[in-house]
Amino acid sequence: MLATVGARRLGMALVAVVTVTTGAATMSASAAAPLTVAAALSAQDGHSAAVTGFIVGQPTATDTVIKSGFTGDTAIAIADTVAETSTSRMLYVQVTAAYRSAFGLRTNPGLMGRSVTVTGTLTAYFSHGGLKDPTAMSLTGTPPSPSASPTAPGGPYDPTYYASAIGKTGTALRSALHGIIRVQRTVSYAQVWDALKQTDQDPNNANNVILLYSGRSQSKTTNGGGVDDWNREHVWAQSHGDFGTSAGPGTDLHHLRPEDVTVNANRGNKDFDLGGSAAAEAPGNYTDADSWEPRNAVKGDVARMIMYMAIRYEGGDGWPNLEMNNVTGNGSVPYLGKLSVLLQWHQQDPPDAFEKRRNQVIFDSWQGNRNPFIDHPEWAAAIWGG
């Protein structure tokens, strides 16, 4: 048997060629590593190739890619980074009938942020760099385990995810962070149940979640509306902006937490402040007519969730402009206090391992965006002082 190994160039890819001769038969096998999206965009010459990238949305026009509210299953946009926002760095991929049930975003919105490898013809689609007539489509990664270690602040995501915010302060920082974190996948209110079972999993018991205010470890299966069940607490109360439970602020996992049904009702739509009487079924929490003080272990968590909401929702996307102020009793206006107390809690209770892991799970498995005040606690003072 005689074997020879060589290489030839096919399109833009270097292909290894192995020729094996045995008796009268000669066989050739070719294998090429998938192209990056950038390479595929530079190789729009009609040849067939495999391309790997992250699913970042549904293209609907030459320069338009939608990130939520998907209207069809016939196309996806992929990019080399999961947080890509420029359509010029996205490859538009045609999804033909054979693949729509598995890869169409209207049917499978949870694919946003997943890595996919697609083989097809590199040619324009929507008058944009594209891949048409796929012959193979497959996911090339699995969702991260909920127990995966969080990326440390200042870690690998910083150069790309927070690049436009680094070095800024005040309104410039606020604007940059809003532009970054507004790029997200949305989840339905029904999906929040499953999400919270991952994001708030008890690190010592994978069958349980940790309730935010009461601190109790409770079975994941006891979610619902009955006495001693846990339900979905909106830390930024829904009535403070009247956004309800629609996809958007009403389902944003960065401020939704599991909580005992009774405790959730007792907190209601109260602002956050110090003092009051001991809250029933929630040791270390205090409440009065218009405010709620959470237990010490989650004071900072609460503060950073509120800060995130104030930066994420700035009056665009059809949602109200949420803002912190320095009063309590805000009622139904899109404000929530007390800013001075929340800044104090942010300093008093810095991000811990549970909070960092939660941020990472939301980024990796659900929304594809982060709470910047967990990753960079110093940015709270850079925006609001204190």
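In this report, we go over the structure that sits alongside the text. (Residues numbered from 1 in each chain as written. Predicted model: local features only at pLDDT ≥ 70, side-chain atom pairs only at ≥ 80, totals over all residues. Heavy atoms only, no water.)

### Concerning the packing of aromatic side chains
To keep it simple, the criterion reads: By convention, a stacked pair of Phe, Tyr or Trp rings (six-membered ring in the case of Trp) has centres within 6.5 Å and planes under 30 degrees apart, an edge-to-face pair has planes over 60 apart, and any other such pair is tilted. Each helix is a run of DSSP H or I of at least 4 residues and each strand a run of E of at least 2, with the numbering of both proceeding from the N terminus. When accessible area is computed with a 1.4 Å probe and restricted to protein chains, residues below 20% of their type maximum are described as buried, those above 50% as exposed, and intermediate ones as partly exposed.
Within this structure, the stated rule accounts for nine aromatic pairs. Arranged with centres 6.1 Å apart and planes meeting at 85°, the rings of Tyr92 and Phe126 form a pair that is edge-to-face. With a gap of 34 residues between them, Tyr92 in strand E7 (residues 90-94) and Phe126 in the loop between strand E8 (115-122) and strand E9 (130-139) connect regions that are remote in the sequence. The class of Phe126 is partly exposed, set by a relative accessible area of 30%.

### Some details on the pairing of strand E14 (residues 256-260)
Going by this rule: Paired strands, as defined in this entry, are two strands with at least two bridges between them according to DSSP.
Taking burial as the measure, the five residues of E14 include five buried ones, the bulk of the element. Alternating residues of E14 divide into Leu256, Pro258 and Asp260 and Arg257 and Glu259, and every residue in both groups is buried. Where strand E13 (residues 230-234) lies against E14, five bridges are found, and the strand directions are antiparallel. Looking at E14, one finds that Asn231 is bridged to Glu259.

### Structural notes on the sheet that holds strand E12 (residues 217-219)
If you trace the three strands from one edge of the open sheet to the other, you get E10-E11-E12, paired in antiparallel fashion. Looking at the sheet topology across the chains shown, the edges are occupied by strand E10 (201-202) and E12. In terms of strand pairing, E10 meets strand E11 (residues 205-210) through two bridges, oriented antiparallel. Looking at the pairing, Gln201 lines up with Val209 of E11.

### A closer look at the sheet that holds strand E18 (residues 291-293)
Hydrogen bonding along the main chain pairs the strands of a sheet, whether they run parallel or antiparallel. If you trace the four strands from one edge of the open sheet to the other, you get E15-E18-E17-E16, paired in mixed fashion. Taken across any chain shown, the strands that pair with only one partner, and hence form the sheet edges, are strand E15 (271-272) and strand E16 (277-278). Summarising the sheet, E16 and strand E17 (residues 286-287) pair through two bridges and their orientation is antiparallel. Across the sheet, residue Ala278 finds its bridge partner in E17, namely Tyr286.

### Observations concerning the pattern of salt bridges
Our working rule: By definition, a salt bridge exists where a carboxyl oxygen of Asp or Glu is found within 4 Å of a side-chain nitrogen of Lys or Arg.
Considering all chains together, one arrives at 13 salt bridges under this definition. Salt-bridge contacts for Glu314 lead to Arg174; the nearest nitrogen and oxygen are separated by 2.8 Å. In this pair, Glu314 sits in the loop between helix H7 (299-312) and strand E19 (323-324) while Arg174 sits in helix H4 (residues 170-181), placing the two residues 140 residues apart along the sequence. In this structure, Arg216 engages Asp260 in a salt bridge whose closest nitrogen and oxygen atoms are separated by 2.9 Å. Here Arg216 is found in the loop between E11 and E12, whereas its partner Asp260 is found in strand E14, with 44 residues between them in sequence. Overall, the relative accessible area of 28% leaves Arg216 in the partly exposed class. Asp260 sits in the buried class, given a relative accessible area of 0%. Connected via shared salt-bridge partners are Arg174, Glu314 and Glu323.

### A short note on helix H5 (residues 189-199)
As a reminder, the rule being used: A contact between two residues is defined here by any heavy atoms of the two lying within 4.5 Å.
Where H5 is concerned, the buried positions are Val192, Trp193, Ala195, Leu196 and Thr199. As for H5, its buried residues are in contact with E10, E11, E13, E14 and helix H9 (353-366).

### Brief notes about the environment of Val235
Of note, Val235 is situated in the loop between E13 and E14. For Val235, a relative accessible area of 0% corresponds to the buried category. Among all residues touching Val235, those that are not within four sequence positions of it are Leu212, Tyr213, His255, Arg257, Arg267, Phe272, Val302, Met305, Ile306 and Leu336.

### A closer look at unusual backbone geometry
Cis rather than trans, the peptide bond between Gly337 and Lys338 has omega equal to 10°. Residue position: Lys338 is located in the loop between strand E20 (335-336) and helix H8 (339-348). A positive phi angle, close to 55°, is found at Ser127, a residue other than glycine. Not every positive phi belongs to a glycine, and Asp242 is a case in point at roughly 55°. For Asp242, the location among the structural elements is in the loop between E13 and E14. Residue classification places Asp242 among the exposed residues on the basis of a relative accessible area of 67%.

### Considerations on the side chain of Lys270
As a reminder of what qualifies: For the charge count, each Lys or Arg is scored as positive and each Asp or Glu as negative, with His and the chain ends excluded. Think of a polar contact as two N or O atoms within 3.5 Å of one another; within protein, one of them needs to be a possible hydrogen donor and the other a possible acceptor, and neighboring residues in sequence only count if both atoms come from side chains.
Mapped onto the elements, Lys270 comes out in the loop between helix H6 (261-267) and E15. It turns out Lys270 is buried and unbridged, and the closest side chain with the opposite charge, Asp288, is 6.1 Å from it. At 2.7 Å, the side chain of Lys270 and the side chain of Thr287 are in polar contact. Polar side-chain contacts of Lys270 include one of 3.0 Å to the backbone oxygen of Asp288. Look past the residues within four positions of Lys270 in its chain and what remains in contact with it is Thr287, Asp288, Ala289, Asp290, Ser291 and Trp292.

### With respect to the nonpolar core
Short version of the rule: Note on terminology: a nonpolar core comprises buried Ala, Val, Leu, Ile, Met, Phe, Trp, Tyr and Cys residues joined through side-chain atoms within 4.5 Å.
By size, the foremost hydrophobic cluster in this structure holds 43 residues, and its most contacted members are Leu177, Phe272, Ile306, Met324, Phe373 and Trp384. For this core, the secondary structure elements donating two or more residues are H4, H7, H8 and helix H11 (378-384). Looking at this core, the element that brings in the most residues is H7, giving nine residues. If near-sequence neighbours (up to four positions away) are discounted, Trp384 is found in contact with Arg174, Met307, Ala310, Ile311, Met324, Leu339, Leu343 and Phe373. Within the second largest apolar cluster, 23 residues are counted, among which are Leu111, Val116, Val118 and Met137.

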